[in-house]
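Given next are the chains, with one letter for each unit.
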Amino acid sequence: MKVRGFRVELGEIESVLAAHPGVSQAVVVARDAGELGKQLVGYVVPDRAADVGGGEEIVEQWRRVYDDLYSAAEYVEDPQGVAFGTDFSVWKSSYSDSAIAVEQMREWQSATVDQIRGTGLGRVLEVGVGSGLLLSQLAPECQEYWATDFSPVTIDKLARDLQGLGVDWADRVSLHVRAADDVTGLPEGHFDTVVLNSVIQYFPSESYLRRVIAQALRLLAPGGAVFVGDIRNLTLLEEFATGVAIAHGGGDDPSAVRDRVRRSLSGEQELLASPEYFSALADVFGDIAAVDIELKRGLAVNELTRYRYDVTLRKGPASVLSVAEVSQVRFVDRDRLQSLLAGWRDGCVRVTGIPHAGLVDEVRAAHRIRVGQPVADGGLLGTESMLIEVGERPSGLLPEDLCALGRQLGFTTSVTWSAQRDCMDAVFVESSVVDGRYLTDVYSAPVPVVDLARCTNNPQAGLLAAGVRAYVADRLPEFMVPATVVVLEGLPLTSNGKLDRRALPEPEFVSRVEYREPRDEQEQVLAGLFAEVLGLGRVGIDDNFFDLGGHSLLATRLISRIRTVLGVEVPIRTVFEAPTVAELKLRWAELGPSRRPVLRKMNRKAAK
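Residues numbered from 1 in each chain as written. Predicted model: local features only at pLDDT ≥ 70, side-chain atom pairs only at ≥ 80, totals over all residues. Heavy atoms only, no water.

Glancing now at the packing of aromatic side chains. Inspection of the entire model under this criterion finds 13 aromatic pairs. Between F545 and F546, the aromatic rings sit 5.2 Å apart at their centres with planes inclined by 90 degrees, giving edge-to-face as the arrangement. We classify F545 as buried; its relative accessible area is 0%. A cation over an aromatic ring shows up here: R314 above the ring of Y438, its NZ or CZ 3.7 Å from the ring centre. The side chain of R475 reaches across the aromatic face of Y471, ending 3.6 Å from its centre. (Phe/Tyr/Trp six-rings, centres within 6.5 Å; stacked < 30°, edge-to-face > 60°. Buried < 20%, exposed > 50% of the residue type's maximum accessible area, 1.4 Å probe, protein only. Lys NZ or Arg CZ within 6 Å of the ring centre and 35° of its normal.)

Here the idea is simple: oppositely charged side chains can pair when their charged atoms come close. Counted according to the given criterion, the structure contains 31 salt bridges. Between R308 and D230 there is a salt bridge; the shortest N-O distance is 3.3 Å. Taken together, the residues R308 in strand β12 (residues 308–315) and D230 in strand β9 (residues 220–232) connect sequence positions 78 residues apart. When sorted by exposure, R308 lands in the same class as D230, which is buried. Overlapping salt bridges bring together D230, K296, R308 and D310 as one network. (Salt bridge = Lys/Arg side-chain N within 4 Å of Asp/Glu carboxyl O. Helix = DSSP H or I, 4+ residues; strand = E, 2+ residues; numbered from the N terminus.)

All chains considered together, the criterion is met by three cavities of 30 Å³ or more. Empty space within the largest cavity amounts to approximately 90 Å³. Forming the boundary of the largest cavity are 15 residues, of which L125, V127, A180, V183 and L219 lie nearest the centre. Mapped by element, the contributors of at least two residues to the lining of the largest cavity are β5 (123–127), β8 (191–197) and α7 (206–219). Here the lining of the largest cavity takes four residues from α7, the largest share from any one element. Looking at the lining of the largest cavity residue by residue, the class counts come to eleven nonpolar, two polar and two charged. (1 Å grid on protein atoms, 1.4 Å probe; cavity = no way out; pocket = protein on both sides within 12 Å on 5 of 7 lines; lining within 4 Å. Points joined across faces, edges and corners; volume = space filled by probe spheres on them. Nonpolar A, V, L, I, M, F, W, Y, C, P; charged D, E, K, R; others polar.)

Let us now look at the domain arrangement of the chain. Taken domain by domain, the chain comprises domain 1 (1–50 + 461–509), domain 2 (94–233 + 274–318) and domain 3 (521–590). Each of domain 1 and domain 3 has a C-alpha centre, and these two points are 24 Å apart. Taken residue by residue, the interface counts nine residues in domain 1 and eleven residues in domain 3. Linking domain 1 with domain 3 are zero salt bridges, by the criterion used here. On inspection of domain 1 and its partner domain 3, the count reaches zero residue pairs in polar contact (both at pLDDT 80 or more). Elements that contribute at least two residues to the side of domain 1 that touches domain 3 include exactly α16 (464–473) and β20 (484–487). Here the residues of the side of domain 1 that touches domain 3 are counted per class, giving five nonpolar, two polar and two charged. (Domains from an automatic or database assignment. Contact = heavy atoms within 4.5 Å. Polar contact = N/O pair within 3.5 Å; in protein donor to acceptor, adjacent residues only side chain to side chain.)

Looking now at the pairing of strand β18 (residues 423–430). The buried fraction of β18 is high, at seven of eight residues. Where strand β15 (residues 348–355) meets β18, six bridges bridge the pair, whose relative direction is antiparallel. Considered in β18, the bridge of C348 is made with V429. Bridging between strand β17 (residues 411–417) and β18 involves seven bridges; their strand directions are antiparallel. Its bridge partner lying in β18, S414 is registered against V427. Taking the residues between adjacent antiparallel strands as the criterion, β17 and β18 are bridged by five residues. (Pairing = 2+ DSSP bridges.)

Attention now goes to the layout of surface pockets. The space that makes up the second largest pocket amounts to roughly 1100 Å³. Forming the walls of the second largest pocket are 35 residues, and the residues nearest its centre are R262, L265, S266, L488 and E489. Mapped by element, the contributors of at least two residues to the lining of the second largest pocket are β4 (38–46), α8 (237–249), α9 (254–266) and α13 (360–370).

Structural data, given as C-alpha cells:
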C-alpha cells in the first residue's frame, strides 16, 4: 500500500505497535484525511495485566500540578481574604470549566465533615490534606490530627495558616510531607480514623490503592475506620463524559459527541473505581469487619453529587449489622414510600430502583448518543444548581430526600448505588434495631468480583497514545509512523469473530479550527512539542491543547519538554489560560527562565 508516496507494510507497523509493553492488540489502517491525503491510523487495546511502570511519574506529575496551583501568587497572597478552610478556588466544574459555586462547595464540605464525624474521630490521620478543608473543621474536635500531603508547597502554606490562626488546637496538628504510600515513622495501631478524601483519583494504579488501604488498616486501632471519600464511579464514566461533551459542544450531532466521549474515556487521567471494588476488599483483608458504601449527600446537583461516593471500611473487632438479606421493595413514588415506612414494623427494608434526580437526564442522554440519536437541551442535563424544593426535581429524588424522610420516621438511612444506572437503593433500619452497630453490606454488588483490577481503570492508559506513537517513531521511518493512535477498550468484531474494520472509529485528523502553520522558529518548536506530547502528526498554532486530548498530566509533560528544550519555566495555570501555541507565545515575555540547562541538539554522527 502507498501512503504519502511511500510503500508501507501495515503488518510491519502493527507488529511494532503490538510490541509496546502496554499494548495487547494493535491494528493499523490507512484512512482518507481530506486535504491531508491518506493517513495511517493505529488502533491499540491496552494490556491491563502489564506493569509498564510510570506510576512514580504519575504521582510526581500530580505533585507538580498541586505545587504549581498552591504556589500561584494569587493563591499565596489571598487578596480576597478567604478564611482558613474555606478556599474552594481549585475546584472547577467539568461542565463549565469555571469554579463550582461556593454555596455548593460549602454543602459538600459540611456533608463530608458530618460523614467523617460519624466514624468516631479521636486520633485522626488525613492523607492528602490539601488546603485544609476538612482539617479546619475536624481538628478542633480531635485528640490528635496528623495530616500528610505529597506537595511541600501545600504543607508549608498550611503551617503558615495554622500559625497565623493563634488557636490552641493547632498544637494538636502534626503536618508531614509524604506520598500516600509512605508510612515511614507513623505509629501502627494508633489512629481511630484514617481519612482519604478526594485523593485516590490521583493514585497511579489499583495496586497502589490497595497498598495504601492495607497500610491504613495497619495504622488503625482495633475498631477504627478508614474513610475513603469522593470516589469517582467507574461504572458511570461514560454517562459523565457524555454529559460533559454535550455541555461543551451540544448534542445535535451524535457521531461528534461519541467521538468526544471516546477520546475522553481513552485519555482519562484519574483513577476511578466501581463500588463493588470496595465490597470485595472485605474478602482480601480479613480485618475489615464492615463496608458501608454511600452516595454523596446534599441538595446540590453537580458532578460531585452525581458521580462520586463515600466508603467507610471498619476494622474489627466491631459490632456490625449486615443488611444483605433484608426485605426488598421496589420504589413506586415518594408518597407510597412514606406510607410504607410509616407502617413498617419489621426492623429493616431495602427500597430499590429509586430514580436519582441528578442522574436520570444524563443516563438518558448517554443512551440516546450511544444509539445515534441527538440530544436536546432540557431537564437537569449538565446543570449545576441547588434544588431546594422537591418540585425542582420532578424526575426523581436526591439521597438527601431519602435521609430526611428516614430521619422523620425514626429510621437510620443509608443510600447507595442501584443495579439500574439512573437509580439508587436505600436501606432503612429502625434506629432501635441499629443499637449502635455499624451497617455493612449496604451496597449489593450485581455480580461477584473475580479480579479487583477489573473494578478500576488504568490512569497510565491515558498516556498510552502519545507513548505508543513515540515508541513507533524510535523504531520505524517517519513515513511509517501513524498520524494518530486511538486507544480502544477492545477491537470491534464481526459476528464471525473477525476484525470489523468498518466499525473502527474515525479519528479527528484536524482540529475544529482552521490550520495555521507556525510563523517562526519559536512557534515551530512549540507546535512540535505540542504534537509530541499529544501523540499527533501535526498541531497548528491555533489548535487548543485540551481540545486535542490534552489533560493535566499531559500538560505537566508539555511543561517539562518546554523546560528541557527551550529553557523556560511555564506554570501549569498558564497552559490552561493559554492552551494554543499562538496564545502561549503572547505570554512568553512574562515567563521566567528555567534553572535547568537547555537541551542542546547534537550531531549524532559526529559524536560516534
